[in-house]
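So you can see what is in the structure, the chains are spelled out below.
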Amino acid sequence: MSFQVSKVIVSGAVLALIAACSGEQNQQTSTDADSSSVAAVEGPSLVQQTIPTTDELGTFDTPVSGLAVWEHPDVIFESLVLAANGAAGIIAVNFEQEAVASLPGTFETGLALCYLPDGQTSAGIIAAYDESAGMLRFVDLEAGPVSFVEWDITGETEQLATLRPLCFGKSANDDRLSLFAIDAAGYLSRSFVSLNREALQITPATSLGRSDVTTCASNDVTGETYFLGANGSVEVANAFAETVSFEPFMDLPGGEAVELATALRAENVSYLLAMVSSEIASGPYVIYAYALSEAQAVGQFTLGEFSEITAVETISAFTADASNFGGLYREGAIAIVEGNDTFTLKLASWSAVSNILDLPQTDRLDRRDIGFRPASDDGEELLLQLPELVSEPTVQ
């Protein structure tokens, strides 16, 4: 396996201080930052902040083309970071610096992760194009011991030879998922994926006529999906509309945008994160945070040093998820791969992002639970009806 665990370990006592440190750093940075660290963003000017990098999980021998954070269905502390690691396959790394499973194949174009909105298990779907097999594969993870399992696919399976996935669209009010992918002609396409008994059914891919889209991210509650196009323009569309109509959402400031991710929170307070390769601020990248409800910039930050963990200098892969991953990451995590020669997997806590950017405090919203509707064996909604309890007469 091409993953080596990190020798850097931050003690639990040090990590327990991070919430307090986050508050202090927020006040200090706001006071001490000079004007050169302020980038021009949509809305009011925002001081660039530094978020502490709280874990270094290990290094990969070869480049990583995509990341996702998988939420364990039963034991949150056993959640995993998934990395599409080229010819080394998809590697699953736990938060204890262990590579616990790998999926053989060659995955050079990233991966997409989502959870089915119905069924008794809210099962996960990981979609990734396997160059060695010449097809798009759909897998999930089984727990205890952790292993990858292949989904059975029905429907338009011939198209799996050409589709390279970007992201899933999901809505709490729809039993399907929308799969956005790049087709054989290089255009953005949409298919619908749904659960049909124990298999996934996929509909024919419909071309959306866009050749400039490089990545996307979903608001799993509303079905709105955000697409990154040319020149840093971000557009939004309803993933389940009969006709997909792209509307302007924002123009990212300067640099080359690389990746989008969403951090979903309750009370309609959710965020779009955009990682931009840029010389705007103090380094070669900056991460912008936008409120989805207002298309308004709420902060920008880089990932700095913390304890024995060095600051992140460059980012080659990026993702974020505000689900519950336990411990320091009970409010969510940012996962990145640093470097262009060595490839180091690092984490930052969403709690630190929220504290330092002074975001509204709202309840967590776990992606696996969004739209979850338990069903009976015959597919109907499961309703439990308890009989009335009647006291038996006493026999004299």
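Model, not experiment: these values are computed from the prediction.

Rules used throughout
Residues numbered from 1 in each chain as written. Predicted model: local features only at pLDDT ≥ 70, side-chain atom pairs only at ≥ 80, totals over all residues. Heavy atoms only, no water. Salt bridge = Lys/Arg side-chain N within 4 Å of Asp/Glu carboxyl O. Helix = DSSP H or I, 4+ residues; strand = E, 2+ residues; numbered from the N terminus. Buried < 20%, exposed > 50% of the residue type's maximum accessible area, 1.4 Å probe, protein only. Core = buried A, V, L, I, M, F, W, Y, C linked by side-chain atoms within 4.5 Å. Contact = heavy atoms within 4.5 Å. Disulfide = S-S within 2.5 Å.

> Is there a simple way to explain the pattern of salt bridges in this structure?
Side-chain pairing between opposite charges can occur once the charged atoms of the two side chains come close. The full count for this structure, using the stated rule, is twelve salt bridges. Across the pair arginine 164 and glutamate 131 runs a salt bridge, and its minimum N-O distance is 3.5 Å. Placement of arginine 164 in strand β15 (residues 164-169) and of glutamate 131 in the loop between β11 (124-130) and β12 (135-142) is noted, with a sequence separation of 33 residues between them. Owing to a relative accessible area of 33%, glutamate 131 belongs among the partly exposed residues under this scheme. Note that glutamate 235 is salt-bridged to arginine 210, the shortest N-O span being 2.6 Å. Of the two residues, glutamate 235 is situated in strand β22 (residues 233-238) and arginine 210 in the loop between β19 (206-207) and β20 (215-218); the sequence distance between them amounts to 25 residues. Among the charged side chains, a network of salt bridges with common partners joins Arg265, Glu331, Arg364 and Asp366.

> I keep staring at the nonpolar core and nothing clicks. Help me out?
Ile287, Leu303, Phe318 and Ile334 are the most contacted members of the largest nonpolar core, which totals 26 residues. Those residues in contact with isoleucine 334 that sit more than four places away from it in its chain are Leu273, Phe301, Phe318, Thr319, Ala320, Lys346, Leu347, Ala348 and Val353. Of all hydrophobic cores here, the second largest spans 21 residues; its members include Val64, Leu67, Ala333 and Val337.

> Looking at this model, I keep getting lost on the state of the cysteines. Mind explaining?
Here a disulfide denotes one covalent bond, and it connects the sulfur atoms of two cysteines. Using the criterion set out here, one finds one disulfide in the structure. The disulfide partner of cysteine 167 is cysteine 216, and the gap between their sulfur atoms is 2.1 Å. Residues cysteine 167 and cysteine 216 share a disulfide whose torsion about the S-S bond is about -115 degrees; that sign makes it left-handed. Pair noted here: cysteine 167 is in strand β15 and cysteine 216 is in strand β20, with a separation of 49 residues, a long-range link. Each member of the pair, cysteine 167 together with cysteine 216, is buried.

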